[in-house]
Amino acid sequence: MKSYEGIPQLSVVVPVFNEEDVLPLFAERLRPVLDGLEVPYEVLTVDDGSRDATPAVLARMRQEWPQLRVVRLRRNAGHQNALTAGLHRARGRYVVSIDVDLQDPPEVIADMLRLAESEGLDVVHGVRTDRSTDSPFKRWTAGLYYRLIRRVVGAAVPHNAGDFRLLSRTTVDALTELPEQLPVYRLLVPWLGLPSGEVPYARQVRAAGRSKYPLAKMIRLALDSITGFSAAPLRVATWLGCAGIALCFVMAAAVLGAYLWGSVVPGWTSMFVALVFLGALQLLCLGLLGEYVARIFTSVQGRPPYVVTYDSAVTRRPAGVSS
């Protein structure tokens, strides 16, 4: 079904969603870097169901850039699933994942490849040492996320390392064999425990367009990160339940003591506060449990996380579903 003329040394996977404005700027920065490496490469752009002129821009770019490969998803599947589609189809000995917004500088790719080859590393993380271009709220929420994840999941997660990284073919093959329905690669990659290194860089301003990671998606990423790698929230729910029961015993003892001393005063405030507290506690515990049940439900369904409708490296369009 597939017809490939050669296996590249390097694949660069780029998830894209409604990025018509920044794509030409991204190509201007990325292409000289990759051409300067003097190794066979491919740039695998994954169009995550864009609704603007992104497909047309990619088609024009591909006419002038033979190493550019376009994979198009039928609908918007989300950043991590688009990244999954790219990793599953990348052919290079090394695979770099990078966002198109140019906040992660493409020039760092050369340093990543050099470090991986010189030290025999399977993973090279791009670590943001300077995030001054981000808003204070963004820096605060990002710092909170990494502190929480490192505490819950483990210290193996690099601080301030996002989805800008280099992976060896061994690492990519290991990732594609995992049965993850809701992957979070900034946690999955360290979990493999393969030899890894870090390349520091300064976070830059988005070149054009708007961020595709609003607060709601950041919260969703945090929930997927925690529920996908730790049962700590369930234990929190258990401890909250125990604390609620202990508080109820204390309140019951106080009420009984007041009754024995004859100082019972009719009132609804304490009863109202107790009911609201216990009700909120129960809803919180049910919500935490529901997050895990939802993951089980998604896994049982067995639906593919994305549907590929076009791949420029395939001789004819696939008739089925890819996952």
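No experiment lies behind these values; they were computed from the predicted model shown.

### Some points on the overall build of the protein
- When helices and strands are counted, the protein shows ten helices and eight strands.
- Within the protein, contacts between residues at least 6 apart in sequence are counted, and of these 82% link residues at least 24 apart.
- For the protein, the accessible area works out to roughly 17,000 Å², and carbon and sulfur atoms hold 61% of it.

### Quick word on the nonpolar core
- Membership of the largest hydrophobic core comes to 35 residues, with the highest contact counts inside it found for Val12, Leu34 and Val43.
- When near neighbours in sequence (up to four residues on either side) are disregarded, Val43 contacts Val12, Val14, Leu30, Leu34, Trp65, Gln67, Leu68 and Arg69.
- By size, the runner-up hydrophobic cluster in this structure holds 21 residues, among which are Val46, Ala77, Val172 and Tyr306.

### Some points on the sheet that holds strand S4 (residues 94-97)
- Spatially, eight strands are ordered S7-S5-S6-S4-S1-S2-S3-S8 in an open sheet, and the strand pairing comes out mixed. Two strands in the sheet have a free side with no partner beyond their single neighbour: strand S7 (196-202) and strand S8 (308-311). Neighbour-to-neighbour, the strand axes of this sheet turn through a mean angle of 20 degrees, independent of strand direction.
- Here strand S5 (residues 123-130) runs beside S7; their pairing, made up of seven bridges, is parallel. Bridge assignment links Arg128 to a residue of S7, and that residue is Tyr201.
- With respect to the sheet, helix H2 (residues 54-64) is in contact with strand S1 (10-16), strand S2 (41-47), strand S3 (68-73) and S8, its orientation differing from that of S3 by roughly 160 degrees.

### Considerations on the confidence of the model for the protein
- Mean pLDDT over the protein stands at 79; residues scoring 70 or higher make up 70%.
- Low pLDDT (under 50) marks residues 317-323, which in the prediction has 16 contacts with non-local residues, meaning those over four places away or in another chain.

### Things to note about the pattern of salt bridges
- Summed over the entire model, instances satisfying the criterion amount to twelve salt bridges.
- A salt bridge links Asp173 to Arg169; the shortest N-O distance between them is 3.2 Å. Highlighted residues: Asp173 and Arg169, both in helix H6 (residues 169-176), separated by four residues, approximately one helical turn.
- Relative accessible area serves as the criterion here: at 23%, Arg169 is assigned to the partly exposed category.
- Salt bridges sharing common partners tie together Glu42, Arg69, Arg89, Arg91 and Asp311.

### Let's talk about helix H3 (residues 79-89)
- Of all eleven residues in H3, ten are buried, a share of seventy percent or more.
- Listed in full, the buried residues belonging to H3 are His79, Gln80, Asn81, Ala82, Leu83, Thr84, Ala85, Gly86, Leu87 and Arg89.

### Observations concerning the environment of Asp101
- Mapping Asp101 onto the fold places it in the loop between S4 and helix H4 (108-119).
- With relative accessibility at 9%, the residue Asp101 sits in the buried group.
- In the structure, Asp101 is positioned 85 residues away from Val16 in sequence and 9.2 Å away in space, judged by C-alpha atoms.

### Observations regarding a nonpolar patch on the surface
- Residues Leu286, Leu289 and Val293 make up a contiguous nonpolar surface patch of roughly 280 Å² in combined accessible area.
- Within the fold, Leu286 resides in helix H10 (residues 269-301).
- Classification of Leu286 by relative accessible area gives exposed; the value is 57%.

### Focus on the side chain of Asp104
- Within the element layout of this structure, Asp104 appears in the loop between S4 and H4.
- In this structure the side chain of Asp104 is engaged in a polar contact, spanning 3.1 Å, whose partner is the side chain of Arg203.
- Every residue in contact with Asp104, bar those within four places of it in the chain, is listed here: Ile98, Arg128, Phe164, Tyr201 and Arg203.

### Comments concerning H4
- Taking 1.5 Å of rise per residue, the twelve residues of H4 would be expected to cover 16 Å, and the 17 Å separating its terminal C-alpha atoms lies within 8% of that figure.
- Taken as a whole, H4 has its buried residues at Val108, Ile109, Ala110, Met112, Leu113, Leu115 and Ala116.
- Each element contacted by the buried residues of H4 is listed here: S1, helix H1 (23-37), S4, S5, strand S6 (161-168) and S7.
- Residue Gly120 follows H4 closely and has a positive phi angle near 65 degrees.

### Here's the deal with the packing of aromatic side chains
- Evaluated as defined, the whole model comprises one aromatic pair.
- An angle of 80 degrees between the planes, with centres 5.5 Å apart, marks the rings of Phe164 and Tyr201 as edge-to-face. Of this pair, Phe164 sits in strand S6 while Tyr201 sits in strand S7, and the two are 37 residues apart along the sequence. For the residue pair Phe164 and Tyr201, the accessibility class agrees, reading buried in each case.

### Quick word on the packing of H1 against H2
- One way to put it is that H1 packs onto H2 with a least axis distance of 10 Å and a crossing angle of 30 degrees. Taken as axis vectors, H1 and H2 run roughly parallel relative to one another. The two elements H1 and H2 cross, and the hand of that crossing is right-handed. In this structure, H1 uses Leu23, Pro24, Ala27 and Arg31 to contact H2, whose residues at the interface are Thr54, Val57, Leu58, Met61 and Glu64.
- When the residues that make up the contact of H1 with H2 are grouped by side-chain class, the tally is six nonpolar, one polar and two charged.

Each value, and the rule that gives it
- Residues numbered from 1 in each chain as written.
- Predicted model: local features only at pLDDT ≥ 70, side-chain atom pairs only at ≥ 80, totals over all residues.
- Heavy atoms only, no water.
- Helix = DSSP H or I, 4+ residues; strand = E, 2+ residues; numbered from the N terminus.
- Contact = heavy atoms within 4.5 Å.
- Areas by Shrake-Rupley, 256 points an atom, 1.4 Å probe, with all protein chains shown as cover.
- Core = buried A, V, L, I, M, F, W, Y, C linked by side-chain atoms within 4.5 Å.
- Buried < 20%, exposed > 50% of the residue type's maximum accessible area, 1.4 Å probe, protein only.
- Pairing = 2+ DSSP bridges.
- Axes fitted to C-alpha atoms, helices over the stretch in contact; angles between N-to-C directions.
- pLDDT = per-residue confidence, 0-100.
- Salt bridge = Lys/Arg side-chain N within 4 Å of Asp/Glu carboxyl O.
- Patch = residues over 30% accessible without salt bridge, like charges linked within 9 Å, V, L, I, M, F, W, Y side chains within 5 Å.
- Polar contact = N/O pair within 3.5 Å; in protein donor to acceptor, adjacent residues only side chain to side chain.
- Expected span 1.5 Å × (residues − 1).
- Phe/Tyr/Trp six-rings, centres within 6.5 Å; stacked < 30°, edge-to-face > 60°.
- Parallel < 35°, antiparallel > 145°, perpendicular 65-115°, else oblique.
- Left-handed = near helix turned anticlockwise from the far one by under 90°.
- Nonpolar A, V, L, I, M, F, W, Y, C, P; charged D, E, K, R; others polar.

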